[in-house]
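Observations on the three-dimensional arrangement
Spelled out from the first residue to the last, the chains are:
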Amino acid sequence: MTDPQPPASGIEYEPVIGIEVHVQLRTHSKMFTPAPNTYGEGPNTKTDPYTLGLPGTLPVANKEAFTLAIRVGLGLDAEIASYTKFDRKNYFYPDLPKGYQISQMDLPVTSNGKLPLANGKVIRINRAHLEEDAGKAMHTGGDASFVDLNRAGIPLLEIVSEADMRSAPEAVEYLERLKLLLRYLDVSDCDMEKGSLRCDVNVSIRPKGMEAFGTRTEIKNLNSFKAAEKAIGFEIRRHTSVLQAGDEVVQATMLWDEDKEQTRVMRTKEESADYRYFPDPDLPPHHISDSWVEEVRATIPELPWIRAARLRSLDGITEYDAGVLIQDRAVADFFEQALAVSGDAKATCNWITSELFGVMKERGHDITSCGIPPARLGELVRLVKDGIVGSGGGKKVLHAMYGTDKDPAALVDELGVGQISDEGALEAIVRQALEANPDTVSDIKAGKKKAAGAIVGWVMKETKGSANPGTVNKLIRQLLG
Amino acid sequence: MTAPWPQIDALAASVRNRERSAEETVRTALERSSAHEDLGIFLHVDEARALDAARAVDRRALEGHDLPLAGVPIAVKDNLCTREVPTTCGSRILENFIPPYDATAIARLQDAGAVVVGKTNLDEFAMGSSNENSAFGSVKNPWDTTRAPGGSSGGSAAAVAAGIVPVALGSDTGGSIRQPAAFCGTVGLKPTYGRVSRYGLVAFGSSLDQIGPLTNRVGDAARVLTIIAGGDPRDATCSNDPVPDVTEALEGGVEGLRIGLPKEYLGEGIEPSVREAVSDAAERLAAGGAQVREVSLPHTSYAIPAYYVVATCEASSNLARFDGIHYGRRAVASDLATTYERSRTEGLGAEVRRRILLGTFALSAGHYDAYYDRAMRVRTLIRRDFELAFESVDALISPAGPTPAFRLGEKTQDPLEMYLADILTVAANLAGVPGLVVPEKLVEFEGAALPVGVQLMGPMWSEATLLRIGHYLERTRGDLPAPPIGGRS
């Protein structure tokens, strides 16, 4: 199949997109058994008799997974079920050791949520339900396949949106904001490379203005948001050309081929399994009390978009700045703690997003592992603002802060990068400079303001760069009256 | 003829007092098991392991551990997982399966000093009422070796009836403890659903299955229940409520108790001698001061169809794990679908495959409402029948099966007729209520002298009352002879 061409003319179609996100919850143990919930390590080492599907073993639900699911529900402004149960989804596959997956069919833990996009549009969330992950089947291409059950049984929350998105970029914005929310809520590391966040996308198109949905296809095997965007775009174009050719879209599950940048049919509706859902008799229904919900609510942090709006209201912080700061809850926390010391939002933001991020990147750290306490960075920003150290000196101090527990003021002295901002101390040197450069003084007097730079340069050279250039400029103006 | 086992409390006391050793009691059980090998009771006996375990009990007893079952030899149905000991469920597909853990009920019995001497034969995956569905041959009834011991816990019932062990564990999904107990003349208790952890019991119908004891005496069943019952963090359906000591009230008599005779359980199709056994027992209860009255459980006739829908639906899912991939028997085939198909066709017997297909069909798209959902509604009605009955009576007395033990091969050609053998027992599983079978008398049936039992059923968690009534019946009945095996042959 080659990439179909977009329509040249004819009916205008509107894409309709819904997304299912599977997120692994960062519990200590698996969804229904005490085996550890960890990533990596040797195949089949994170298992136990339940995970292996041995007969006689029974599932017991993990309370921590419920708590995290309730967090997500509250973060999505959704309803938390007071009564919820588990069902069995029956199908055969080697990565599914019991021959069924325990999931939730008609009574999910939370439903009817909302996720706001930047432009104010709200994407409705149909439901989020708990289930257990399957293992991994590895096909070597030889005559044997292998199964690793380390992943089997890890708690998953499946978050199902309504078909509210109308373009590939909008779908990606939804995914990005949902991921941001999940990370703010600290329910998962959301690492797509490790598979702790996965998404399946349903795409259909319909003539603009029409209410009924067209036939949809579901795209699987999307390993990044970028892949999702490309795959959605591809499917929209493919559906469009199918309809324009007078054909009908066939309901199917599609696989995204990353290399060929196109989708291919994995199975059609006729080939799909009848999962024979029924209530799992091993797990009594769960009652979620109001007090439990309130307990969880008390731990919900400020949501990222609310935080962005608040940061935006600070002096000098642009929408872009706010967006950068809230990308990571730890960065936003760091910013606010540093700001409390520095008192200058814009300068603090700049020091974090350009200087600190630069140093962190060089050294392969993130904001929590860089070892610099936010208050120290705030102090540094204040030292620069007060003219105690120049911006160049400040950068040296920032580098030196790595790996020591000395405060920035001490490092300014130790590194000898302190600035002379005292007018009395600088006045004599400025006078010397003016005397030594009569031509330049004439130029300045003649109105060539840029000529003052030469005087500042002379002073800097004389003071080995420690004079505060602002103070020097001020003195030049004063002395030349 | 071998001497019958004493009461297990007395047996354990004699081991604790060092009048005899656990090693001796276990050796006796092992000797008896080999003497009765032709009954086909055991699928696995590991003498060395059992004797090691017995010697360990002797050491613990010497160290002064409190072992209420010190040296009591037990047999366990082979659908209960035993650590490092094969657990086949009577199926080819698990022929070589060795679990790495013990069922909670077995672990608790072992902690109390009991010693497992062997794994007993059963209908494959507990699906059957005669023990003839075992992949490893049928068990013979010790009262008449041409007859079925009942099922599916036939091996456990026969092991107790033949005097091999004083206690065996069975499992009861639709009567699989009670019906074989009645056929073999032993006591059999199906506890309330949730009373005993199901951890380690290979699931058949998860919402129906319960583990329980088969014993010589009511008191022994009560003792075993006190040890195996109670909450288990590994079974979410097991109640954490405290378990009363059901051995305490055994002697309490029946004065003032209200006993119901459910008319639907005494109608057509019940063998007259079986009906007579129930009236004999009811008369003694009345003589003991109980008020006996007729009651009605109007939805009884729907119990069999509802049961065979719910049980097969759950089984179709529970048995999906036996796919030849992760463990168990695997057929060699060139692709995945054929591997599944052949492994399951070769590994699972005809009755098991029939039930998987029935359950798969009943859960399929378009059939769920007509079968599973409707069966669950019927289940609610049946539960309500019991609740209403128990507003006016404390317990029910009924037969446990329509006839005494039928002949081997008699019903194997007609699965429906076999299913109907469960008509008096499945309702208790659907409702979750406990049921106790106590031997009542020997009767002449088709030229053989066979035991007949009566079934007592009570409200949820009423084991203490049932055991008290059962104990009264046992005490006022007089001794029954031992089965003729061994003595005759």
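The present account deals with the structure reproduced in this document. (Residues numbered from 1 in each chain as written. Chains lettered and ligands numbered in written order. Predicted model: local features only at pLDDT ≥ 70, side-chain atom pairs only at ≥ 80, totals over all residues.)

**Structural notes on the overall build of chain B**
- Secondary structure assignment for chain B yields 15 helices and 11 strands.
- Reported as C-alpha extents along the three principal axes, the dimensions of chain B are approximately 65 × 55 × 50 Å.
- A buried classification covers 62% of the 489 residues belonging to chain B.
- Pairs at least 24 apart in sequence give 76% of the contacts found in chain B among residues at least 6 apart. (Helix = DSSP H or I, 4+ residues; strand = E, 2+ residues; numbered from the N terminus. Buried ≥ 20, exposed ≤ 12 C-beta atoms within 10 Å, placed from the backbone. Contact = placed C-beta atoms within 7 Å.)

**A few points about the sheet that holds strand β15 (residues 278–279) of chain A**
All names here are of chain A.
- Across the sheet, 3 strands lie side by side as β5-β4-β15; this open sheet has antiparallel pairing. Each having just a single partner strand, β5 (100–103) and β15 make up the two edges of the open sheet.
- Note that strand β4 (residues 87–90) and β5 share 4 bridges and pair antiparallel. Pairing of arginine 88 across the sheet is with isoleucine 102, part of β5. (Pairing = 2+ DSSP bridges.)

**Considerations on the interface of chain B and chain A**
- Contact with chain B, which involves 31 residues of that partner, is made by 24 residues of chain A.
- For the side of chain B that touches chain A, the elements supplying multiple residues, two or more each, are α9 (303–318) and α11 (350–363) of chain B.
- The element contributing the most residues to the side of chain B that touches chain A is α9(B), with 3 residues.
- The residue makeup of the side of chain B that touches chain A, split by class, is 17 nonpolar, 8 polar and 6 charged. (Nonpolar A, V, L, I, M, F, W, Y, C, P; charged D, E, K, R; others polar.)

**Some points on helix α6 (residues 319–326) of chain A**
- Those residues of α6(A) lying buried are A:Asp321, A:Ala322, A:Val324, A:Leu325 and A:Ile326.
- Of the surrounding elements, those touching the buried residues of α6(A) are α5 (304–312), α7 (329–342) and α8 (345–363) of chain A.

**Topic: unusual backbone geometry**
- Following B:Gly151, the chain continues into B:Ser152 via a peptide bond in cis, with omega recorded as 10 degrees.
- Relative to the elements of secondary structure, B:Ser152 occurs in the loop between β3 (115–120) and α5 (154–161).
- The phi angle at A:Cys190 is positive, at roughly 55 degrees, despite the residue not being glycine.
- By the element assignment, A:Cys190 lies in the loop between α2 (168–184) and β11 (197–207).
- Located in the positive-phi region is B:Glu84, a residue other than glycine, with phi close to 65 degrees.
- Tracing the backbone through its elements, the reader meets B:Glu84 in the loop between β2 (73–77) and α4 (104–111).
- What makes B:Glu84 exposed here is the crowd of 11 C-beta atoms within 10 Å.

**What to know about the nonpolar core**
- If you look at the biggest cluster of nonpolar residues, it comprises 219 residues, and the most contacted ones within it are A:Val201, B:Ile74, B:Val115 and B:Val117.
- Here the element with the most residues in this core is α9(B); it accounts for 9 residues.
- Ignoring sequence-local partners within four residues, the contact set of B:Val117 consists of B:Val26, B:Ala29, B:Leu30, B:Ser33, B:Val45, B:Ala50, B:Pro73, B:Ile74, B:Ala75 and B:Val165.
- Counting residues in each nonpolar core, the second largest holds 33 residues, with A:Leu311, A:Ile317, A:Ala347 and A:Leu377 among its members. (Core = buried A, V, L, I, M, F, W, Y, C linked by C-beta atoms within 7 Å.)

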